[in-house]
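Chain and residue survey
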Amino acid sequence: MERKPGISFILRARNEEAYLAQSLASLLPLTIPYEVVVILHKCTDMSKAIALTAQAQGQPLRIYEIDQDLSKAGYETLVTPVTYNESLPAFYNACFLMGTYKWLFKWDADFVASPELIDFLNSQLVIGEQTPVRYLIQCHMSDTLI
């Protein structure tokens, strides 16, 4: 599959209504081509409504709902063979195939893009790069959401 230049943010959400709107809004200042692939995993809260609202407001989102069981991070993932559909690595491999852009970025629903990250992605990332490149992006944790 030939991917077009840009970034696919792969976002798995499971009951993330407290953070999802802010996380999605933090990506709005991007000027490069991008999409957010939102995978709603067994959500029972307002996560779907939040994603649909962002999509209706013009944010480039594709929304999928998945109801399969997955191994939990840690020991359960360690003992679940990677070839099983319930394995976390198999799940994420399938999710990454949903992205349509050249760059794939695993994005969590509680991530908030800093102005520095937005600036880097808009001005320094070479989205049309033909050879593999690995970028190291410094980040920090915040105790509060902005």
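Every chain is numbered independently, its residues counted from 1 as its sequence is written. Side-chain atom pairs in this predicted model are given and counted only at pLDDT of 80 or more, local residue features only at pLDDT of at least 70, and totals for whole chains, interfaces and linings cover all residues. Hydrogens and water molecules were not included; the side-chain quantities draw on all heavy atoms of the structure.

1. A few points about the side chain of Q59
- We count a stretch as a helix when DSSP gives it H or I for four or more residues in a row; a strand needs E for two or more, and each element gets its number in order from the N terminus. Assignment of secondary structure puts Q59 in the loop between α2 (47-56) and β3 (61-66).
- Only protein chains enter the area calculation, which uses a 1.4 Å probe; residues under 20% of their type maximum are buried, those over 50% are exposed, and those in between are partly exposed. Judged by relative accessible area, which is 6%, Q59 ranks as buried.
- Leaving out residues up to four positions away in the same chain, Q59 has contacts with L24, L27, L28, Y34, V36 and A54. The contact criterion used is simple: two residues touch if any of their non-hydrogen atoms lie within 4.5 Å.

2. Here we look at the nonpolar core
- Only buried residues count toward a nonpolar core. Its members are Ala, Val, Leu, Ile, Met, Phe, Trp, Tyr and Cys residues joined through side-chain atoms within 4.5 Å. Membership of the largest hydrophobic core comes to 27 residues, with the highest contact counts inside it found for F9, L11, V36 and L121.
- Looking at this core, the elements that each hand over two or more residues are β1 (4-13), α1 (20-25), β2 (34-41), α2, β4 (101-108) and α5 (115-123).
- Sequence-distant contacts of F9, that is, excluding residues within four places in its chain, are made with L27, L30, Y34, E35, V36, V37, F105, W107 and L121.
- Judged by nonpolar contacts, the second largest core, of ten residues, contains I10, F91, Y92 and C95.

3. Overview of α5
- Of all the positions in α5, only L117, I118, F120 and L121 are classed as buried. Down the axis of α5, the buried side of the element spans an arc of 160°, and every buried residue falls inside it. Away from the buried face of α5 by more than 90 degrees, exposed residues P115 and E116 are located.
- Residues of α5 that are buried sit in contact with β1 and β4. Our arc is simply the arc of the directions from the helix axis toward the C-beta atoms.

4. Some words on the sheet that holds β2
- Strands are labelled as partners when DSSP assigns at least two bridges between them. Within the open sheet, the four strands sit side by side as β3-β2-β1-β4. Their pairing is parallel. On the outer flanks of this sheet lie β3 and β4, each paired with one strand and no other. Each strand axis lies, on average, 20° off the axis of its neighbour in the sheet, ignoring direction.
- Contacts between α2 and the sheet are confined to β2 and β3, with β3 contributing the most and set at about 160° to the helix.
- Along the sheet, helix α4 (residues 88-97) contacts β1, β2, β3 and β4; its crossing angle with β1, the most-contacted strand, is approximately 140°. In this analysis, axes come from line fits to C-alpha atoms, helices being fitted only over the stretch in contact, and the angle between any two N-to-C directions falls in the range 0 to 180 degrees.

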